[in-house]
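The primary structure of each chain is shown beneath.
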Number of protein chains: 2
Amino acid sequence: MQGAPSIQVLLDELERMPGVGPKSAQRIAYWLLNGERAQAERLAEAIVQVKDAVHFCPVCFNYAEGNLCGICASDKRDRSQICVVGEPRDIPPIERTGAYHGLYHVLGGALNPLEGITPDRLHIAELMARLGGNEVQEVVLATNPNVEGETTASYLARLIRPLGCKVTRLASGLPVGGDLEFADEATLGRAIETRREF
Amino acid sequence: MQGAPSIQVLLDELERMPGVGPKSAQRIAYWLLNGERAQAERLAEAIVQVKDAVHFCPVCFNYAEGNLCGICASDKRDRSQICVVGEPRDIPPIERTGAYHGLYHVLGGALNPLEGITPDRLHIAELMARLGGNEVQEVVLATNPNVEGETTASYLARLIRPLGCKVTRLASGLPVGGDLEFADEATLGRAIETRREF
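Per-chain numbering applies: the sequence of each chain, read as written, is numbered from 1 onward. Here every chain gets a letter starting at A, and every ligand a number starting at 1, in the order they are written. Given that this is a predicted model, residues contribute local features only at a pLDDT of at least 70 and side-chain atom pairs are listed and counted only at 80 or more, while totals for whole chains, interfaces and linings are drawn from all residues. To get the side-chain values, take all heavy atoms of the structure and skip hydrogens and water.

*Asks:* Just checking my understanding: could you explain unusual backbone geometry for this structure?
*Replies:* All names here are of chain A. Positive phi, close to 70°, is recorded for Phe61, a residue that is not glycine. Secondary structure elements follow DSSP: runs of H or I no shorter than four residues count as helices, runs of E no shorter than two count as strands, and numbering proceeds from the N terminus. When you line up the elements, Phe61 lands in the loop between strand E1 (55-56) and strand E2 (63-64). Buried, partly exposed and exposed residues are distinguished by accessible area as a fraction of the type maximum, computed with a 1.4 Å probe on protein chains only: under 20%, between the cut-offs, and over 50%, respectively. On the basis of relative accessibility, which here comes to 13%, the residue Phe61 falls in the buried class.

*Asks:* Please explain the relation of the copies chain A and chain B as it appears in this structure.
*Replies:* In this arrangement, two copies of a chain are superimposed by a rotation about an axis accompanied by a shift along the axis. A least-squares fit on C-alpha atoms brings the copies together, and the residues used are those whose pLDDT is at least 70 in both copies. You can overlay chain A on chain B at an RMSD of 0.1 Å; the transform is a turn of 180° with a shift of 0.0 Å along its axis. Expressed as an axis order, the relation between the two copies is that of a two-fold axis. Relative to the rotation axis, the C-alpha of Ala44(A) is the closest in chain A, positioned 2.0 Å from it. A shared interface surface links the copies, since 100% of the contact residues of chain A are contact residues in chain B too. Every residue pair with non-hydrogen atoms within 4.5 Å of one another is taken to be in contact.

*Asks:* Explanation requested: the sheet that holds strand E4 (residues 102-106) of chain A in the structure shown.
*Replies:* Strand-to-strand pairing in sheets goes through backbone hydrogen bonds, with the strands running parallel or antiparallel. Residue and element names in this part refer to chain A. Taken together, 4 strands build an open sheet; the order of strands is E4-E3-E5-E6 and the sheet is parallel. If you trace the sheet from one side to the other, it starts and ends with E4 and strand E6 (166-169), each paired once. Pairwise comparison of adjacent strand axes, ignoring direction, gives a mean angle of 25° for this sheet. Pairing between two strands is assigned when DSSP locates at least 2 bridges connecting them. Pairing analysis gives 5 bridges linking strand E3 (residues 78-85) to E4, with the strands arranged parallel. Residue Val85 lies in a different strand from E4, and its bridge partner there is Val106. Note on geometry: axes are C-alpha line fits, over the in-contact stretch for helices, and angles between N-to-C directions span 0 to 180 degrees.

*Asks:* Just to check I follow, could you spell out the packing of helix H1 (residues 5-15) of chain A against helix H2 (residues 22-34) of chain A for this structure?
*Replies:* Packed helices, taken two at a time, are described by the angle between their axes plus the distance between the axes. Residues and elements named next belong to chain A. Between H1 and H2, the least distance of the axes is 9 Å, while the angle of their chain directions is 130°. Judged by the inter-axis angle, H1 sits oblique to H2. In this structure, H1 meets H2 at a crossing whose hand is right-handed. Counting all contacts with H1, which are made through Ile7, Leu10, Leu11, Leu14 and Glu15, the residues of H2 involved are Pro22, Ala25, Gln26, Ile28, Ala29, Leu32 and Leu33. Looking at the contact of H1 with H2 residue by residue, the class counts come to 10 nonpolar, 1 polar and 1 charged. Angles below 35 degrees are treated as roughly parallel, those above 145 as roughly antiparallel, those between 65 and 115 as roughly perpendicular, and all remaining angles as oblique. The sense of a crossing depends on the near helix, which, turned anticlockwise from the far helix by less than a right angle, makes the crossing left-handed and, turned clockwise, makes it right-handed. Gly counts as polar in this scheme, as do all residues outside two lists: the nonpolar Ala, Val, Leu, Ile, Met, Phe, Trp, Tyr, Cys and Pro, and the charged Asp, Glu, Lys and Arg.

*Asks:* Explain the packing of aromatic side chains to me, please; I cannot follow it from the model alone.
*Replies:* Each pair of aromatic rings is reported with the distance of its centres and the angle of its planes. Pairing of aromatic side chains requires ring centres within 6.5 Å, counting the rings of Phe and Tyr and the six-membered ring of Trp. Pairs whose planes differ by under 30 degrees are stacked, by over 60 edge-to-face, and all others tilted. Under the defined criterion, the tally for this structure stands at 6 aromatic pairs over all chains. With centroids separated by 5.3 Å and ring planes inclined at 65°, the aromatic side chains of Tyr100(A) and Tyr104(A) adopt a geometry described as edge-to-face. Note on Tyr100(A): relative accessible area 10%, which makes it buried. Taken together, the ring pairs connect Tyr30(A), Phe56(B) and Tyr63(B) into an aromatic cluster.

*Asks:* What should I look at first to understand the interface of chain A and chain B in this one?
*Replies:* Where interface size is quoted, it is often the accessible area lost as the parts come together. If you look at the interface, chain A gives 52 residues, while chain B gives 52 residues. What counts as buried area is the accessible surface, traced by a 1.4 Å probe, that two parts surrender upon association, with contributions from both included. In this assembly, chain A packs against chain B so that about 4,900 Å² is buried in total across both faces, 63% of it on carbon and sulfur atoms. A side-chain nitrogen of Lys or Arg and a carboxyl oxygen of Asp or Glu constitute a salt bridge if their distance falls within 4 Å. Where chain A touches chain B, the interface holds 4 salt bridges. If you list the elements that add at least two residues to the side of chain A that touches chain B, you get H1, H2, helix H3 (37-53), helix H4 (70-73) and helix H5 (91-97) of chain A. Per-element tally for the side of chain A that touches chain B: the top contributor is H3(A), with 15 residues. The class makeup of the residues in the side of chain A that touches chain B is 28 nonpolar, 11 polar and 13 charged.

*Asks:* Explain the nonpolar core here, please?
*Replies:* What tends to happen in soluble globular proteins is that the nonpolar side chains get buried as a cluster. Core analysis: the largest hydrophobic core is formed by 40 residues, its most contacted members being Ile47(A) and Ile47(B). Mapped by element, the contributors of at least two residues to this core are H1, H2 and H3 of chain A together with helix H1 (5-15), helix H2 (22-34) and helix H3 (37-53) of chain B. Among buried residues, those of type Ala, Val, Leu, Ile, Met, Phe, Trp, Tyr and Cys that are joined through side-chain atoms within 4.5 Å constitute a nonpolar core.

*Asks:* Would you take a moment to explain the side chain of Lys51(A) for this structure?
*Replies:* By secondary structure assignment, the location of Lys51(A) is in helix H3. Although Lys51(A) lies buried, it forms no salt bridge, and the closest oppositely charged side chain, Glu36(B), sits 7.9 Å away as judged by the N-O distance. A polar contact of 3.1 Å, which involves the side chain of Lys51(A), links it to the backbone oxygen of Leu33(B). Each polar contact in these results corresponds to two N or O atoms within 3.5 Å; when the atoms are within protein, one needs to be able to donate a hydrogen and the other to accept it, and residues that are neighboring in sequence are counted only if both atoms are side-chain atoms. A distance of 2.5 Å separates a polar atom in the side chain of Lys51(A) from the backbone oxygen of Gly35(B). Excluding residues that lie within four positions of it along the chain, Lys51(A) makes contacts with Leu32(B), Leu33(B), Asn34(B), Gly35(B), Glu36(B), Arg37(B) and Ala40(B). Counted as positive: Lys and Arg. Counted as negative: Asp and Glu, with His and the chain ends omitted from the count.

*Asks:* Can you walk me through the pattern of salt bridges in this structure?
*Replies:* Once their charged atoms are close, side chains differing in charge can pair, the charge on each being opposite to the other. In total, this model carries 12 salt bridges over all chains according to the counting rule given. The salt bridge involving Glu13(B) is made with Arg42(A); its shortest N-O contact spans 3.2 Å. Of this pair, Glu13(B) sits in helix H1 while Arg42(A) sits in helix H3, on two different chains. With a relative accessible area of 39%, Arg42(A) lands in the partly exposed category. Asp52(A) is the partner of Arg37(B) in a salt bridge, and the nearest nitrogen-oxygen pair spans 2.4 Å. Linking Arg37(B) in helix H3 with Asp52(A) in helix H3, this pair reaches from one chain into another. Relative accessible area serves as the criterion here: at 32%, Arg37(B) is assigned to the partly exposed category.

*Asks:* Explain the pairing of strand E6 (residues 166-169) of chain B to me, please; I cannot follow it from the model alone.
*Replies:* Consecutive residues of a regular strand have side chains that alternate between opposite faces of the sheet. Residues and elements named next belong to chain B. As defined by bridge partners, strand E5 (residues 138-141) adjoins E6 across 4 bridges and the pair is classed as parallel. Residue pairing across strands places Leu141 opposite Arg169, the latter belonging to E6. Handedness rule for crossovers: strands pointing away from the viewer, path from the first strand over the helix to the second running clockwise, crossover right-handed. Tracing the backbone out of E5, into helix H7 (residues 147-160) and back to the parallel element E6 gives a crossover that is right-handed.

Here is the structure:
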């Protein structure tokens, strides 16, 4: 690659991408060098285009391209349920399950007072405003099953319950298809605590 | 990601990259969405720039940005040695070893008559032309240690030896730091055949 500064510039930029190390960056660079110019242009265009076209949905703070995000704008969603998640990236895995048909609300993070993430730094006021009418019957707390996510869920549950809204939390437990032998203690402990009648 | 076609376009383009599956593409897309616009622009620019700036070195067929590639243009390389490789991507790993200080010649592939890769499809005539003078003392055949690479190496050796040039081949054998137990039979067999006095 010596004597080709634009290859080095490309490698440096590619290596900034998450999950791309020096070897992957080199593989991608060679793929671009061997490929059609149109291919490289389409990729470059898509990268810039996404920054121009995408903003946050003013209702749920998911990524949106029109006025509202596709889920808020859809007339096929159950408007009596709001699933609360930390980040927009948490929505696609839930959507892929096909098990949820309601709306979402993206907090933009999780409570972490030590790092200065207090309730006013998250989209909590906006969530409470959405619960003002009588349309929403259930709030599904789908924050991550870690310390910050649990803290956030507890905080929101205390805030929402007085409104008469049903508040639920995603179940924690053993992964489906997983092996008891390889389960970590925290997960197995939670699975025992929240065991259900069979 | 619903309702955001430009995210889907980006995901499609990212997934074309080698080693990038749907999950990595999504991770990269969210990283771009969360990041600075300038970051996305630098990446896009680097991708297009590399296609504009990079061509093949007219001497060795490595990637080059100036007239010659950095190695051919350097006055620090030993011009009495030419290392023959299949593709430009084979050069950086050899350079990283620091064990070779000569020039290179990129064939642009390996002989494979069944797939129509005959000697005239590779940069073999250009290699022979470089051996015309008396400058080159040794040709190191560093084609891949697989069927096509070995075939190519044998073919080149027969062609080059009559010129009075020393012809060498990269050693095959056990990986350094590797475990005998996990060596494949072909590698271990080669290591026994080419064992050296200790």
